[in-house]
Amino acid sequence: MQQKIKSALISVYNKDGLKEILPLLQQQNITIYSTGGTQKFIEENGGKCVSVESLTGYPSILGGRVKTLHPVVFGGFLARRDVESDIREMEQYHIPEIDLVVVDLYPFEETVKATKEEAAIIEKIDIGGPSMIRAAAKNFKSVLVIADKKEYSELKNILSDKNAETSLEERKDFARKAFDVCSGYDIAISNYFNKTNFANPFRLEKKVLRYGENPHQQGYFLGDMSEIFEQLHGKELSYNNLVDVDSAVQLMKEFEKKNETDLSTFAVIKHTNVCGIAQRKNISEAFSAALAGDPESAFGGVLISNSTIDKTTAEALKDLFIEVLIAPDFDEDALPLLKSKKNRIILKLQEFPKEEEQSKALLNGLLIQENDKGNYTEWKEEGGRASSEQEKEDLIFANLVCKHLKSNAITIVKNKQLLGKGAGQTSRVDALRHAIEKANQFEFDLQNSVVASDAFFPFDDCVKIAHNAGVTAFIQPGGSIRDKDSIDYCKENNLVMVITGLRHFKH
């Protein structure tokens with residue numbers, strides 16, 4: 001559906017770049033409609049245009065607040081060229097077809113930065129501009145909309161090299177970008193009135209929390225957790241509870257039990273890091289093994305299971321001080337035992353979160369990335385021998401757990417039980433030393449255990465230290481210019497070294 005541009009409405013606050021477009025419009029004999037300062041600029045630069053006032057029969061009023069908001073103008077934007085009744089009404093009311101709309105917006109954000117005078121800021125809330133952009137973008141089937149001077153180069157190409165013709169796909173893409181411009185503008189205005197960046201632009205349900213990360217910080221949650229959890233017992237979730245609960249759920253999503261043959265997994269989370277996790281044939285054994293990994297850190301932690309909590313497990317943990325317990329279900333005779341602590345939060349996990357991205361507000365902006373999906377992209381056995389079946393299972397398990405620890409991160413695993421971990425360390429070797437120290441603290445036998453690292457080993461010191469502690473297999477993404485040092489050590493000492501090609505930094 002090639003569309004020839006025969007007419008254009010131009011109304012811009014920033015005139016930069018417009019002068020170069022005017023002769024191209026004239027060469028194509030395109031009728032230009034304009035108003036106010038834009039009309040004056042066009043005429044001063046030798047262009048001809050029809051005033052919007054001559055179309056509407058109304059002058060610019062209310063100090064320029066109302067100029068283009070009129071059915072004759074918006075009819076030209078919105079008329080469906082393939083609907084006979086629209087065409088008849090255009091003829092009846094003398095509404096011209098408008099094929100191209102070039103409009104920008106008042107500099108609201110720039111004004112906010114430049115002054116604290118509210119009256120000046122409010123005047124820079126554009127009304128007609130967004131309305132025209134949205135109307136033209138809605139009717140992309142017939143209208144091309146340019147809402148940002150960054151797109152002038154593409155417009156010039158259309159006018160000069162494409163004989164002022166556009167395809168439906170091109171017009172739809174410009175419409176997409178135009179709606180993005182309007183969305184960003186509206187968010188900036190909303191942020192101003194809410195007096196905070198990213199306050200709540202999408203009008204999510206707002207839940208005020210007791211406080212934020214610390215008592216002197218205000219905190220609130222935007223969104224609806226009811227599809228994910230049903231709270232069965234306990235006090236209101238705090239800011240820190242929510243952060244730890246999210247970490248717990250993201251971890252357990254890796255071990256979702258999809259059928260009865262899947263192993264039961266139990267994990268303990270403290271300050272977003274895993275401090276205990278294990279897989280066993282039943283949930284009671286998984287809980288005992290997970291707790292044994294670091295019973296001290298479990299105090300006041302968040303516990304999560306991928307299986308129904310039975311009475312045996314409830315008996316084992318009912319007297320522990322824990323903040324939150326999460327599970328897909330609870331046996332009827334288990335719940336009364338768990339509810340013996342009035343403040344203990346018990347959450348029934350109904351489904352895992354579906355978000356595909358994660359975001360963080362920083363530096364007057366929003367940082368967004370895709371979620372870290374997967375465990376490994378390749379499985380390259382580069383050491384002195386291939387991994388045994390048990391070692392491979394432990395390596396896969398260790399790598400998934402390591403993925404959910406703060407970098408630099410190391411996990412030590414044996415028989416699908418976390419024996420030691422180092423997280424959030426400024427060097428990888430420190431993370432390893434911390435993991436070994438933790439395992440020794442609780443008297444674990446590290447012989448024939450495995451180590452996972454969230455990123456490559458920069459030197460061979462880690463494999464040497466771990467080997468001396470009893471570790472016989474390693475898994476890491478690789479990618480260091482000195483990978484060969486660690487690989488050669490494993491070959492010389494008949495150790496397993498798996499390269500995955502997938503790094504799992506977590507900051």
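Nothing here was measured: the structure is a model prediction, and the numbers come from that model.

### Things to note about the pairing of strand S15 (residues 345-349)
Okay, so step 1: Among the five residues that make up S15, four are buried, leaving the element largely enclosed by the rest of the structure.
Okay, so step 2: Relative to S15, strand S10 (residues 229-233) is paired through four bridges, and the arrangement is antiparallel. The residue bridging Phe229 from the neighbouring strand is Leu349, located in S15.
Okay, so step 3: Alignment of strand S14 (residues 324-327) against S15, held across four bridges, turns out to be parallel. Counterpart to Ala327 in the pairing with S15 is Lys348.

### Let's talk about unusual backbone geometry
Okay, so step 1: Of note, the bond from Ser407 into Asn408 is cis; its omega dihedral lies within 30 degrees of zero at -10°.
Okay, so step 2: Inspection of the secondary structure puts Asn408 in the loop between helix H15 (389-403) and strand S19 (410-413).
Okay, so step 3: The phi torsion at His94 lies on the positive side, around 55°, for a residue other than glycine.
Okay, so step 4: Along the chain, His94 turns up in the loop between helix H5 (84-92) and strand S5 (100-103).
Okay, so step 5: A positive phi angle, close to 60°, is found at Asn163, a residue other than glycine.
Okay, so step 6: Structurally, Asn163 can be placed in the loop between helix H9 (152-161) and strand S7 (165-166).
Okay, so step 7: By relative accessible area, Asn163 is classed as partly exposed at 40%.

### What about the sheet that holds strand S11 (residues 264-270)?
Sheets are built from strands that pair by backbone hydrogen bonding, the pairs being arranged parallel or antiparallel.
Okay, so step 1: Pairing within the open sheet is mixed, and its six strands lie in the order S10-S15-S14-S13-S11-S12. If you trace the sheet from one side to the other, it starts and ends with S10 and strand S12 (273-280), each paired once. Pairs of neighbouring strands in the sheet enclose a mean axial angle of 20°, with direction left out of account.
Okay, so step 2: Across three bridges, the pairing between strand S13 (residues 302-305) and S14 is parallel. For Ile304, the partnering residue across the bridge sits in S14 and is Ile326.

### A word on the sheet that holds S19
Okay, so step 1: Judged by pairing direction, the sheet is mixed, and its six strands sit side by side in the order S18-S23-S22-S21-S19-S20 without closing on themselves. For this open sheet the edge positions go to strand S18 (380-381) and strand S20 (418-422), each flanked by a neighbour on one side alone.
Okay, so step 2: For S18 and strand S23 (residues 496-499), the ladder comprises two bridges, and the chain directions are antiparallel. Each residue of the ladder has a partner; that of Lys380, found in S23, is Ile499.
Okay, so step 3: Sheet strands in contact with helix H17 (residues 461-469) are strand S21 (449-453), strand S22 (471-476) and S23, and its direction is about 145° off that of S22.
Okay, so step 4: Across the sheet, helix H18 (residues 483-492) is in contact with S22 and S23; its angle to S23 comes to roughly 145°.

### Remarks on the packing of helix H4 (residues 71-78) against helix H8 (residues 128-138)
Okay, so step 1: Relative orientation of the contacting elements H4 and H8 amounts to 35°, with a least axis distance of 8 Å. Contact residues: H4 offers Phe74, Phe77 and Leu78, while H8 offers Ser131, Met132, Ala135, Ala136 and Lys138.
Okay, so step 2: A class-by-class count of the residues in the contact of H4 with H8 yields six nonpolar, one polar and one charged.

### Observations regarding the packing of aromatic side chains
Okay, so step 1: Under the defined criterion, the tally for this structure stands at 10 aromatic pairs.
Okay, so step 2: Judged by centre distance (6.1 Å) and plane angle (90°), the rings of Phe457 and Phe474 are edge-to-face. Note that Phe457 is positioned in the loop between S21 and H17 and Phe474 in strand S22, a separation of 17 residues in sequence.
Okay, so step 3: The exposure class of Phe457 is buried, given its relative accessible area of 1%.
Okay, so step 4: Following the ring pairs from residue to residue traces out a cluster consisting of Phe108, Tyr185, Tyr192 and Phe193.
Okay, so step 5: The ring centre of Phe174 lies 4.5 Å from the NZ or CZ of Lys177, which sits over that ring.
Okay, so step 6: The aromatic ring of Trp379 is capped on one face by Lys392, whose charged end is 5.1 Å from the ring centroid.

### Looking at the nonpolar core
Okay, so step 1: By size, the foremost hydrophobic cluster in this structure holds 40 residues, and its most contacted members are Val245, Ile277 and Ile326.
Okay, so step 2: Discounting residues that sit within four places of it in the chain, Ile277 has contacts with Leu251, Phe255, Thr265, Phe266, Ala267, Ala290, Phe397, Val401, Lys416, Gln417 and Leu418.
Okay, so step 3: Residues Val52, Ile98, Ile125 and Ile133 belong to the second largest nonpolar core, which totals 28 residues.

### A short note on the side chain of Gln39
Okay, so step 1: By the secondary structure assignment, Gln39 is in helix H2 (residues 36-44).
Okay, so step 2: We classify Gln39 as buried; its relative accessible area is 16%.
Okay, so step 3: For Gln39, the residues in contact, after removing those within four places along its chain, are Ser34, Cys49, Ser51 and Glu53.

### Points about the pattern of salt bridges
Okay, so step 1: Following the criterion strictly, the structure yields 28 salt bridges and no others.
Okay, so step 2: Residues Lys149 and Asp16 are paired through a salt bridge, measuring 3.8 Å at the closest nitrogen-oxygen approach. Placement of Lys149 in the loop between strand S6 (144-146) and H9 and of Asp16 in the loop between strand S2 (7-11) and helix H1 (18-27) is noted, with a sequence separation of 133 residues between them.
Okay, so step 3: Across the salt bridge formed by Asp485 and Arg482, the nearest N and O atoms sit 2.8 Å from each other.

### Structural notes on the pairing of S11
Okay, so step 1: Counting buried residues along S11, six of its seven residues qualify, which places the element largely inside the surrounding structure.
Okay, so step 2: Across seven bridges, the pairing between S11 and S12 is antiparallel. Counterpart to Val268 in the pairing with S12 is Gly276.
Okay, so step 3: Hairpin connection from S11 to S12: two residues lie between these consecutive antiparallel strands, with His271 at a positive phi of about 50°.
Okay, so step 4: In the sheet, S11 pairs with S13 via four bridges, with the strands oriented antiparallel. Directly across from Val268, in S13, lies its bridge partner Leu303.

So, how was this worked out
- Each chain carries its own residue numbering, running from 1 in the written order of its sequence.
- For a predicted model such as this one, the threshold for reporting local features is a pLDDT of at least 70, and the threshold for listing and counting side-chain atom pairs is 80 or more; totals across whole chains, interfaces and linings nevertheless cover every residue.
- Based on all heavy atoms of the structure, the side-chain values leave hydrogens and waters out of the count.
- Partly exposed residues are those whose accessible area sits between 20% and 50% of the maximum for their type, while under 20% is buried and over 50% is exposed, using a 1.4 Å probe and protein chains only.
- Segments assigned H or I by DSSP are reported as helices when at least four residues long, segments assigned E as strands when at least two residues long, and all are numbered from the N terminus.
- Two strands are counted as paired when DSSP detects at least two bridges linking them.
- Lines fitted to the C-alpha atoms define the axes, with helices restricted to the stretch that makes contact. Angles between their N-to-C directions range from 0 to 180 degrees.
- Two residues qualify as a contact provided that any one of their heavy atoms is within 4.5 Å of a heavy atom in the partner residue.
- Classes in brief: Ala, Val, Leu, Ile, Met, Phe, Trp, Tyr, Cys and Pro nonpolar; Asp, Glu, Lys and Arg charged; the others, Gly included, polar.
- Under the pairing criterion, centres of Phe, Tyr and Trp rings, with the six-membered ring standing for Trp, must be within 6.5 Å; the plane angle then separates stacked pairs below 30 degrees from edge-to-face pairs above 60, leaving the rest tilted.
- Criterion for a charge above a ring: Arg CZ or Lys NZ at most 6 Å from the ring centre, at most 35 degrees from the ring normal.
- Side-chain atoms within 4.5 Å are what join buried Ala, Val, Leu, Ile, Met, Phe, Trp, Tyr and Cys residues into a set we call a nonpolar core.
- Salt bridges, as used here, are contacts in which a Lys or Arg side-chain nitrogen is within 4 Å of a carboxyl oxygen on Asp or Glu.

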